[in-house]
Structures are given as C-alpha cells and as structure tokens.
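Architecture and fold: a report
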Amino acid sequence: MSTVSLRQERLLVADGLLGASSLAALRDHVALSDYRGVHGQKWDRVWRLWDGNPQRGPSVYYDPDRRFDHKVPAYPTGTAMDLLIDAVRTQSALHPDITGVEGVDWAGIYLCPWLYPVGSALSLHQDAAKYTGSFTFFLHLRWRLHWGGELFVYPPADPARLGSLPGLGHDHPWMSDDGPEDDMIADVAVAISPSPNRLVLLGEDRPHRVARVDQNAGAHVRASIAGFFLRAP
Ligand SMILES: [Fe+2]
C-alpha cells in the first residue's frame, strides 16, 4: 500500500508504490532491456550539451482505445511494465487533480526506462502541451542523499512576468546557459530525492529538471521509468 509523502498543486509524491515481487520483476526487466544514448541518432535538444549522456530503454504504450499511432508494444505487453502501468493508473485515478482523468483529460500513457549514470542531468524544461502531465518512478536498489539526481520541481511560470521579459536573444538553451530561464521560474523549488519505489506525478505547467548525478554516486546509476499522460485527442 503506497503512502502519499507530498502533495501540492499538480505535484504528488507516493512511496512504496509496488510490492516487493513486482518491484523485483520490474528491476529485472529494466536491467535486461536494451539501451541507447539519447543522442545516438542526433543531438536531442531536450538535453543541453553539458547534460551528459543518459540512456533510454524501449518505449511502450498504454492505449486502450487505440487512439494513438504508435509502432511500439502496447499494454498489455506481458512484461513487468504492465505492473507499473496498473499502479500509475491507480494513482492517477486517486489524484485526478494532478494529471487529469483517464478517458476525459488523457487517453493514453507513453513510457520507457531511463538510466542516468554519474555526470548526467536534464536541465530545466516544461513538458509539451500534448501531455496533461508526466510521471517518474525510481527503481534503483538504493539512493543516498549526496548522490544528486534529485527531481527539482518549480512553481508555474507567471504569465505576466513572462510577458515583461526582454527578448530571448539568439542563444538556444541547449547551446548556451545565458537565456532568460532564471527569470521564468520562481527559484524556490521542491527537491524530490529519487528514492527507490517512489512515484512522482507531475501535472502540466510545472517546470522541472533532473539534478546532475553526483560523483558521489560513483557506479550507482539513477534508474527510472518515466512517462507522459497523452492528452485526449
Ligand atoms: Fe519533463
């Protein structure tokens, strides 16, 4: 039985999501999946040039009404990913104010495993409007306080303030850290440690980033499964 550790507007942290056998099965599945660097084909500009080289595993969909065009396995996949999809749907239904209501606001989930080795990060961003929210589930065996890798979640940007910002200049965020991003958020964030068996539900309009996995983590990889709630078409 999971417990709610934090609840804010469009942010929920639930711990103890999966039972021991489900968690072990999911860990095995993630460990045995094939990975590729996120920049394998070309540089993915979601990540900055200094964000290291996270590894991405195979994607699956939850798409009960076949409303999305996809070329990857769909639920039920017959793998341990199904256990997580079930648990995420349950949490979403228990907290519909975070990511919306299944079948009304969102109609599917798109998810995949991620490995963030030491030195990797994901800089500040806001997820695309085609999603009503996202989730992250942490499944490494253990995580220590000074290993970094926290999920930082910021208050929503103030539209009035955004409108008063000077021009964006010519630097794209993935190439330069001199853009206006510091002014786009209130710089008091929630830092969520990537504790094992923890689920984070994140609603739309909440800028976030993954802190760099610290050198202290050494050979411990930040392993997660993350996904998006697909806005109903
Ligand atoms: Fe994101």
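Refer to the structure presented above.
Now for a look at the structure at hand. On a predicted model such as this, the values are computed, not experimentally measured, just so you know.

For the rest of this paragraph, the subject is the overall build of the protein. A count of helices and strands for the protein gives five helices and 13 strands. For 233 residues, the compact-globule estimate of 2.2 N^0.38 gives 17 Å, and the protein sits close to it at 17 Å. Seen through its principal axes, the protein has C-alpha atoms that stretch 50 × 45 × 35 Å. Among the 233 residues that make up the protein, the fraction classed as buried is 36%. Sequence-distant contacts, at least 24 apart, represent 80% of the contacts inside the protein between residues at least 6 apart.

Taking strand neighbours across the sheet as the criterion, the four strands line up as S7-S12-S9-S10 in an open arrangement whose pairing is antiparallel. Across the chains shown, the open sheet's two edge strands, defined by having one partner strand only, are strand S7 (122-125) and strand S10 (190-192). Taken over all neighbouring pairs, the strand axes of this sheet differ in orientation by 15 degrees on average, direction set aside. One ladder, built from three bridges, connects strand S9 (residues 151-153) with S10; its direction is antiparallel. Residue pairing across strands places valine 153 opposite valine 190, the latter belonging to S10.

Here we come to the environment of aspartate 97. With respect to the secondary-structure elements, aspartate 97 resides in helix H3 (residues 96-99). Assessed through the 11 C-beta atoms surrounding it within 10 Å, aspartate 97 is described here as exposed. On a C-alpha basis, the gap between aspartate 97 and arginine 10 in space is 6.7 Å, while along the polypeptide they are 87 residues apart.

A few words on the nonpolar core. Leu84, Ile109, Phe135, Phe137, Leu139, Leu199 and Val200 are the most contacted members of the largest nonpolar core, which totals 52 residues. Top element by residues in this core is strand S6 (residues 106-116). It accounts for seven residues.

What follows concerns unusual backbone geometry. Note that the residue after tyrosine 75, namely proline 76, is joined by a cis bond; omega there is 0 degrees. Phi at asparagine 197 takes a positive value of approximately 65 degrees, unusual for a residue other than glycine. The residue asparagine 197 is located in the loop between S10 and strand S11 (198-203) in this model. The phi angle at aspartate 205 is positive, at roughly 65 degrees, despite the residue not being glycine. Here aspartate 205 shows up in the loop between S11 and strand S12 (208-210).

Turning our eyes to something else, we now look at the packing of helix H1 (residues 20-32) against helix H2 (residues 81-94). H2 packs onto H1 with a crossing angle of 125 degrees between their chain directions and a minimal axis gap of 8 Å. It follows from the interaxial angle that H1 and H2 lie oblique. Every residue of H2 that contacts H1 at Ser22, Ala25, Leu26 and His29 is listed here: Met81, Leu83 and Leu84. Taken together, the residues that form the contact of H1 with H2 break down as five nonpolar, two polar and no charged.

Looking now at H2. In a regular helix each residue adds 1.5 Å, so 14 residues correspond to 20 Å; H2 covers 20 Å between its end C-alpha atoms and thus fits that length. Taken residue by residue, H2 has Met81, Leu84, Ile85, Ala87, Val88, Gln91 and Ser92 as its buried positions. Looking down the long axis of H2, one finds its buried residues gathered within 165 degrees of arc, a one-sided arrangement.

Another aspect to go through is H1. For H1, built from 13 residues, the straight-helix expectation of 18 Å at 1.5 Å per residue is met to within 8% by its first-to-last C-alpha distance of 18 Å. Here H1 has its buried residues at Leu23, Leu26, His29 and Val30. Projected down its long axis, H1 shows its buried positions confined to an angular sector of 125 degrees, all on one face. Looking at H1, the residues exposed on the side facing more than 90 degrees away from the buried face are Ala20, Ser21, Asp28 and Leu32.

This next bit is on the environment of alanine 80. Positionally, alanine 80 belongs in the loop between strand S5 (60-62) and H2. A residue is classified by how many C-beta atoms lie within 10 Å of it, and alanine 80, with 20 of them, is buried. On a C-alpha basis, the gap between alanine 80 and valine 190 in space is 30 Å, while along the polypeptide they are 110 residues apart. The residues touching alanine 80, leaving out its near neighbours within four places in the chain, are Ala25, Leu26 and His29.

The next point concerns the pairing of S11. Among the six residues that make up S11, six are buried, leaving the element largely enclosed by the rest of the structure. In S11, alternate side chains face the same way, and those of Arg198, Val200 and Leu202 on one face and Leu199, Leu201 and Gly203 on the other are all buried. Pairing between strand S2 (residues 11-15) and S11: five bridges, direction antiparallel. Residue pairing for S11: valine 13 is matched across the bridge by valine 200. Where strand S8 (residues 131-138) lies against S11, six bridges are found, and the strand directions are antiparallel.

Thresholds, definitions, all that
Residues numbered from 1 in each chain as written. Predicted model: local features only at pLDDT ≥ 70, side-chain atom pairs only at ≥ 80, totals over all residues. Helix = DSSP H or I, 4+ residues; strand = E, 2+ residues; numbered from the N terminus. Rg over C-alpha atoms; globule rule 2.2 N^0.38 Å. Buried ≥ 20, exposed ≤ 12 C-beta atoms within 10 Å, placed from the backbone. Contact = placed C-beta atoms within 7 Å. Pairing = 2+ DSSP bridges. Axes fitted to C-alpha atoms, helices over the stretch in contact; angles between N-to-C directions. Core = buried A, V, L, I, M, F, W, Y, C linked by C-beta atoms within 7 Å. Parallel < 35°, antiparallel > 145°, perpendicular 65-115°, else oblique. Nonpolar A, V, L, I, M, F, W, Y, C, P; charged D, E, K, R; others polar. Expected span 1.5 Å × (residues − 1). Arc of directions from axis to C-beta.

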